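Next come the chains, spelled out residue by residue.
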Amino acid sequence: MIAPPETLRVSHRRNACDGATDIPGGAALGHPRVFLEIDEHGYVDCGYCDRRFVLIGGPADGVDQSTLPDHPAGASL
């Protein structure tokens, strides 16, 4: 497996992703805003841009991200 292109450590289980948060005036360069819910695995991947959201202090925090499988919002493993 390869690591996700971008990993964000977050303090809330529910997060929004639009793919252009860090691009000044870049809303047109992103994707539709989606809300992602982190479950018991401690992380979730955006289905559009593959950005990974890892819950601080959760089971995936501090783990080598390339060893974790993709975990898109709403998917069951």
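Procedures and definitions
- Residues numbered from 1 in each chain as written.
- Predicted model: local features only at pLDDT ≥ 70, side-chain atom pairs only at ≥ 80, totals over all residues.
- Heavy atoms only, no water.
- Helix = DSSP H or I, 4+ residues; strand = E, 2+ residues; numbered from the N terminus.
- Buried < 20%, exposed > 50% of the residue type's maximum accessible area, 1.4 Å probe, protein only.
- Salt bridge = Lys/Arg side-chain N within 4 Å of Asp/Glu carboxyl O.
- Pairing = 2+ DSSP bridges.
- Axes fitted to C-alpha atoms, helices over the stretch in contact; angles between N-to-C directions.

Novice: Is there a simple way to explain the environment of Gly42 in this structure?
Specialist: Within the secondary structure, Gly42 is located in the loop between β3 (34-37) and β4 (43-45). With a relative accessible area of 0%, Gly42 lands in the buried category. Separated by 18 residues in sequence, Gly42 and Ala60 place their C-alpha atoms 5.2 Å apart.

Novice: Which parts of the structure should I look at to understand unusual backbone geometry?
Specialist: In this structure, Asp50 is a non-glycine residue whose phi angle is positive, near 65°. Tracing the chain through its elements places Asp50 in the loop between β4 and β5 (52-55). The exposure class assigned to Asp50 is partly exposed, which follows from its relative accessible area of 44%.

Novice: So what exactly am I meant to see when it comes to the pattern of salt bridges here?
Specialist: Two side chains carrying opposite charge are able to pair once their charged atoms lie near each other. With the rule as written, the count across this model stands at six salt bridges. Put simply, Arg14 and Glu37 hold a salt bridge, and the shortest N to O gap is 3.7 Å. Of the two residues, Arg14 is situated in strand β2 (residues 14-17) and Glu37 in strand β3; the sequence distance between them amounts to 23 residues. In this structure Arg14 comes out as exposed when scored by relative accessible area, which is 53%. Assessed through its relative accessible area of 43%, Glu37 is described here as partly exposed. Two residues, Arg33 and Asp18, come together in a salt bridge whose shortest N-O distance is 3.6 Å. Of this pair, Arg33 sits in the loop between β2 and β3 while Asp18 sits in the loop between β2 and β3, and the two are 15 residues apart along the sequence. Taken together, the salt bridges that share partners define one network made up of Asp45, Arg52 and Asp70.

Novice: Is there a simple way to explain the sheet that holds β4 in this structure?
Specialist: Whenever strands of a sheet pair, they do so through backbone hydrogen bonds, lying parallel or antiparallel. An order of β1-β5-β4 is seen for the three strands of this open sheet, with the pairing classed as mixed. Looking at the sheet topology across the chains shown, the edges are occupied by β1 (7-10) and β4. Pairwise comparison of adjacent strand axes, ignoring direction, gives a mean angle of 20° for this sheet. As judged from the four bridges shared by β1 and β5, these two strands associate in the parallel manner. By the bridge assignment, Arg9 is partnered in β5 with Val54.

That's the geometry; what it means functionally is another story.
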